[in-house]
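Reading the structure
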Amino acid sequence: MSSFGKPPPLSREVAGSNSLAWVKLFQKPGAVGGGGGLGKSYQPGSMLSLALTKGLLNEPGQNSCFLNSAVQVLWQLDIFRRSLRQLPGHFCLGDACIFCALKSIFSQFQQSQERALPSDSLRHALAETFKDEQRFQLGHMDDAAECFENILERIHLHIVSDTATEACTSKSCITHQKFAMILYEQFVCRSCGASSDPLPFTELVHYVSTTALCQQVDRVLGQNDRIRSDMFGELLQAANTIGDLRNCPSNCGQSIKIRRVLMNRPEIVTIGFVWDAEQSDLTEDVVRSLGPHLNLSGLFNRVTDENAKRSELHLVGMICFSSKHYSAFAYHSKSSKWIFFDDATVKEVIPGHQFSRSSHIK
Ligand SMILES: [Zn+2]
Ligand SMILES: [Zn+2]
Ligand SMILES: [Zn+2]
């Protein structure tokens with residue numbers, strides 16, 4: 001995470017606390033299912049369209065659910081899967097190569113006849129890569145959001161071989177071309193017009209506190225307003241800026257809010273929900289506040305790219321943490337169905353159907 005320059009305060013908390021995080025992924029609707037034509041051609045009951053969904057094994061003691069969930073979501077992200085396939089080459093690290101290990105799982109997803117596959121090669125590569133930091137080590141449980149983020153960072157390094165992630169402009173870097181939010185934050189005083197120096201940074205995951213999110217939901221409901229599904233971005237922005245007050249840089253006496261400005265148009269946006277407390281009773285409130293769409297102009301104070309201003313992203317994947325275990329939901333664009341991934345178990349999500357207790361989102 002430190003390679004991002006100064007991250008906003010929340011993501012530093014995440015890095016330190018191994019917190020419980022959800023990850024939600026949004027992508028451009030046009031990118032889903034090749035424009036909808038494929039969705040229509042799907043025949044109910046056809047094995048072909050769901051054949052590319054397989055489970056990932058997690059033997060007792062492996063504790064690989066965090067990794068399996070991240071891999072499933074990456075595989076189901078059409079933009080990511082296709083971009084990775086089209087890459088001609090990479091800087092290979094041999095046995096510890098996360099890039100090779102991920103590509104190998106992806107090709108197994110396509111070719112294998114098994115219903116569930118081992119993710120061991122990627123687990124090993126991850127453990128080897130983060131050996132010095134003692135993170136993602138074999139047998140140890142870790143954080144799925146950070147795993148997801150680190151896989152993306154590593155892919156950048158395998159393609160660009162440059163540690164300066166901040167200024168990555170490589171057209172072939174999937175990580176920065178598709179996932180990165182290029183931002184700057186600044187304090188501008190409405191009263192006297194003074195402003196702090198703009199602080200640029202890049203985010204792959206936008207972290208939001210669940211406590212702050214629920215406070216914003218309560219605030220809206222307290223104004224006798226209902227929560228509309230198109231308010232999700234604004235709720236996230238309010239949750240992310242609340243309390244982030246500074247004194248006016250020219251000391252005019254005003255306290256002013258932070259402004260975050262988006263300067264590019266990411267195709268995939270990842271939101272990481274930070275559960276501030278180990279025992280949270282906010283689960284239901286958080287679930288209720290989640291919207292299926294996300295407007296970038298709601299999520300940030302200002303969006304400079306004209307296309308980004310208009311773009312509405314659709315929810316396509318979710319990683320959940322419950323009872324010390326990660327599982328994932330992903331939108332399978334070819335069949336227009338949601339699929340639930342719990343290690344080796346893969347289930348189609350039937351709208352209105354309750355999952356059994358063990359697999360219920362917590
Ligand atoms: Zn390699
Ligand atoms: Zn890059
Ligand atoms: Zn001022």
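Residues numbered from 1 in each chain as written. Chains lettered and ligands numbered in written order. Predicted model: local features only at pLDDT ≥ 70, side-chain atom pairs only at ≥ 80, totals over all residues. Heavy atoms only, no water.

Named according to an unreviewed UniProt entry, the protein chain is USP domain-containing protein originating from Oncorhynchus tshawytscha.

**A look at the overall build of the protein chain**
Within the protein chain, the secondary structure is distributed over 14 helices and 15 strands. When each of the 362 residues of the protein chain is scored for burial, the buried share is 51%. Residue pairs in contact within the protein chain that sit at least 24 positions apart in sequence constitute 69% of those at least 6 positions apart. (Helix = DSSP H or I, 4+ residues; strand = E, 2+ residues; numbered from the N terminus. Buried < 20%, exposed > 50% of the residue type's maximum accessible area, 1.4 Å probe, protein only. Contact = heavy atoms within 4.5 Å.)

**A word on unusual backbone geometry**
A positive phi angle is found at N63, which is not glycine, with a value near 50°. Mapped onto the elements of the fold, N63 is located in the loop between β2 (55-56) and α4 (65-76). The phi angle at D343 is positive, at roughly 50°, despite the residue not being glycine. With respect to the element layout, D343 can be found in the loop between β14 (337-342) and β15 (345-348).

**Looking at the confidence of the model for the protein chain**
Looking at the protein chain as a whole, the pLDDT averages 82, with 80% of positions reaching at least 70. Taken together, the stretch residues 1-21 has pLDDT below 50 and engages in 56 contacts with residues farther than four places along the chain or on a different chain. A low-confidence stretch, residues 356-362 stays under pLDDT 50, and its non-local contacts, those more than four residues away or across chains, total 13 contacts. (pLDDT = per-residue confidence, 0-100.)

**Section: the coordination of the zinc ion (ligand 2)**
The coordination sphere of the zinc ion (ligand 2), as far as protein atoms go, consists of H156 (ND1), C168 (SG), C173 (SG) and H176 (ND1), spread over 2.0 to 2.2 Å. Its four donor atoms give the zinc ion (ligand 2) angles of 100 to 119° at the centre, a pattern that matches the tetrahedral case. Counting residues between consecutive donors of the zinc ion (ligand 2) along the chain gives the motif H-x11-C-x4-C-x2-H. Here H156 is found in helix α8 (residues 144-160), whereas its partner H176 is found in helix α9 (residues 174-179), with 20 residues between them in sequence. As far as burial versus exposure is concerned, H156 and H176 are alike and both buried. (Donors = N, O, S within 2.8 Å, 3.2 Å for Na, K, Ca; no water. Tetrahedral: all angles 85-135°; square planar, octahedral: opposite > 155°, others 65-115°.)

**Regarding the coordination of the zinc ion (ligand 1)**
H90 (NE2), C92 (SG), C97 (SG) and C100 (SG) make up the full set of protein donors to the zinc ion (ligand 1), lying at 2.1 to 2.4 Å. Angles of 99 to 117° at the metal separate the four donor atoms of the zinc ion (ligand 1), which places the site in the tetrahedral class. The sequence motif formed by the donor residues of the zinc ion (ligand 1) is H-x1-C-x4-C-x2-C.

**Brief notes about the packing of α4 against helix α6 (residues 98-111)**
The N-to-C vectors of α4 and α6 enclose an angle of 65°; their axes lie 11 Å apart at closest approach. Here α4 lies roughly perpendicular to α6, going by the angle between them. In this structure, α4 crosses over α6, and the sense of that crossing is right-handed. Where α4 approaches α6, its residues V71, Q72, L74 and W75 are matched on the opposing element by L102, I105, F106, F109 and Q110. Class assignment of the residues belonging to the contact of α4 with α6 gives a composition of seven nonpolar, two polar and no charged. (Axes fitted to C-alpha atoms, helices over the stretch in contact; angles between N-to-C directions. Parallel < 35°, antiparallel > 145°, perpendicular 65-115°, else oblique. Left-handed = near helix turned anticlockwise from the far one by under 90°. Nonpolar A, V, L, I, M, F, W, Y, C, P; charged D, E, K, R; others polar.)

**Observations regarding the packing of aromatic side chains**
Applying the stated criterion across every chain yields a total of eleven aromatic pairs. Ring geometry for F130 and F136: centres 5.1 Å apart, planes at 75°, overall edge-to-face. For the pair F130 and F136, one class covers both residues: buried. A cation over an aromatic ring shows up here: R81 above the ring of W75, its NZ or CZ 5.2 Å from the ring centre. The ring of F130 is capped by R154, whose NZ or CZ atom sits 5.1 Å from the centre of that ring. (Phe/Tyr/Trp six-rings, centres within 6.5 Å; stacked < 30°, edge-to-face > 60°. Lys NZ or Arg CZ within 6 Å of the ring centre and 35° of its normal.)

**What about the nonpolar core?**
Note that soluble globular proteins tend to have their nonpolar side chains buried in a common cluster. Counting 52 residues, the largest nonpolar core has F80, I151 and F179 as its most contacted members. Non-local contacts of I151, meaning those with residues more than four positions away in its chain, are made with L67, L74, I98, L102, L122 and L126. With 33 residues, the next largest nonpolar core counts L183, L236, A239 and L296 among its residues. (Core = buried A, V, L, I, M, F, W, Y, C linked by side-chain atoms within 4.5 Å.)

**Things to note about helix α7 (residues 120-129)**
If you check which residues of α7 are buried, you get L122, R123, A125, L126, A127 and T129. Buried positions along α7 lie against α4, α6 and α8.

**A word on the pairing of β15**
Relative to β15, β14 is paired through four bridges, and the arrangement is antiparallel. Along β15, the bridge assignment pairs F341 with V346. Here β14 folds back onto β15, and the loop between the two strands holds two residues, one of which, D343, carries a positive phi near 50°. (Pairing = 2+ DSSP bridges.)

**Digging into the side chain of S327**
With respect to the element layout, S327 can be found in strand β13 (residues 325-332). The class of S327 is buried, set by a relative accessible area of 11%. The contact partners of S327, leaving out residues within four places of it in the chain, are S69, M318, I319, C320, F340, F341 and D342.

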